[in-house]
Amino acid sequence: MFFYDESINTCPNMTVDKISDVKINLQGAIKDLDYQIQSLSQQDPLFGFISSKYIRCGKENCRCKQSPKSQHGPYFYLRLEPEYKFTKYLGKRIPDAVEERIIIGSTIKELERKRKKLNLTLEKIDNL
Ligand SMILES: [Zn+2]
């Protein structure tokens, strides 16, 4: 794992040697992120989130008709990108596999954000 120190980025007294060290560290960190993203991408990620809601069943005599507190649920739904328009009903329990795949998906997103940040820093250094 490569280590990247953000404070180095703002140091005004950097020597050329240090700048190239930082560049090498950044490139290494980006490569490391590439690798992590690539291997997570092979684990069937889902990009989205899980939502839940309570419902009324529609039966005339059911208690859910009288009080919102007596509604049925929660029932879980998977909502996927883009724009979370795709919704899949999951039922009363979130399947473990779905939850894992959601976590993998959000981890990938997080790593991509980090990589973007590092790439921007690298660009800034190149423009010094
Ligand atoms: Zn009901």
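Scroll up for the structure.
Attention here is on the structure that accompanies the text. (Residues numbered from 1 in each chain as written. Predicted model: local features only at pLDDT ≥ 70, side-chain atom pairs only at ≥ 80, totals over all residues.)

Quick word on the overall build of the protein
1) Next: Check the secondary structure of the protein and you find two helices and three strands.
2) Next: The order of helices and strands in the protein, counted from the N terminus, is α-β-β-β-α.
3) Next: Here the protein holds 128 residues, and the buried ones make up 5% of them.
4) Next: The contacts in the protein between residues at least 6 apart in sequence include a share of 59% that link residues at least 24 apart. (Helix = DSSP H or I, 4+ residues; strand = E, 2+ residues; numbered from the N terminus. Buried ≥ 20, exposed ≤ 12 C-beta atoms within 10 Å, placed from the backbone. Contact = placed C-beta atoms within 7 Å.)

A short note on the packing of helix H1 (residues 16-41) against helix H2 (residues 96-126)
1) Next: Axis separation between H1 and H2 bottoms out at 9 Å; the angle between their running directions is 160°. One element, H1, and the other, H2, form an angle in the roughly antiparallel class. Regarding H1 and H2, the two cross each other, and that crossing is left-handed. Contact residues: Ile-19, Val-22, Lys-23, Leu-26, Ala-29, Ile-30, Leu-33, Gln-36, Ile-37, Leu-40 and Ser-41 in H1; Ile-104, Thr-107, Ile-108, Leu-111, Glu-112, Lys-114, Arg-115, Leu-118, Asn-119, Thr-121, Leu-122 and Ile-125 in H2.
2) Next: A class-by-class count of the residues in the contact of H1 with H2 yields 14 nonpolar, five polar and four charged. (Axes fitted to C-alpha atoms, helices over the stretch in contact; angles between N-to-C directions. Parallel < 35°, antiparallel > 145°, perpendicular 65-115°, else oblique. Left-handed = near helix turned anticlockwise from the far one by under 90°. Nonpolar A, V, L, I, M, F, W, Y, C, P; charged D, E, K, R; others polar.)

Section: the sheet that holds strand E2 (residues 72-80)
Whenever strands of a sheet pair, they do so through backbone hydrogen bonds, lying parallel or antiparallel.
1) Next: What the three strands build is an open sheet, ordered E1-E2-E3; its pairing is antiparallel. Strands at the two margins of the open sheet, each flanked by one partner only, are strand E1 (48-55) and strand E3 (86-91). Across the sheet, the mean angle from the axis of one strand to that of its neighbour is 30°, orientation sign disregarded. (Pairing = 2+ DSSP bridges.)

Looking at the environment of Ser-52
1) Next: Tracing the backbone through its elements, the reader meets Ser-52 in strand E1.
2) Next: What makes Ser-52 exposed here is the crowd of 12 C-beta atoms within 10 Å.
3) Next: Expressed as a C-alpha distance, the spacing of Ser-52 and Phe-76, which sit 24 residues apart in the sequence, is 4.4 Å.
4) Next: Setting aside chain neighbours within four positions, we find Ser-52 in contact with Gly-73, Pro-74, Tyr-75 and Phe-76.

Description of the environment of Leu-40
1) Next: Position of Leu-40 among the secondary structure elements: in helix H1.
2) Next: Taking C-alpha positions, Leu-40 is 6.6 Å from Ile-104, a pair spaced 64 residues apart along the chain.
3) Next: If we skip the residues at most four places from it in the chain, Leu-40 touches Pro-45, Ile-104, Thr-107 and Ile-108.

A closer look at the pairing of E3
Strand residues, when the strand is regular, have side chains that alternate between the two faces of the sheet.
1) Next: E3 sits mainly on the outside: zero of its six residues count as buried.
2) Next: In this structure, E2 lies alongside E3, joined through five bridges in antiparallel fashion. Bridge pairing links Tyr-77 to Tyr-89 in E3.
3) Next: Between E2 and E3, which pair antiparallel one after the other, the connecting turn spans five residues, and Glu-83 there sits at a positive phi close to 65°.

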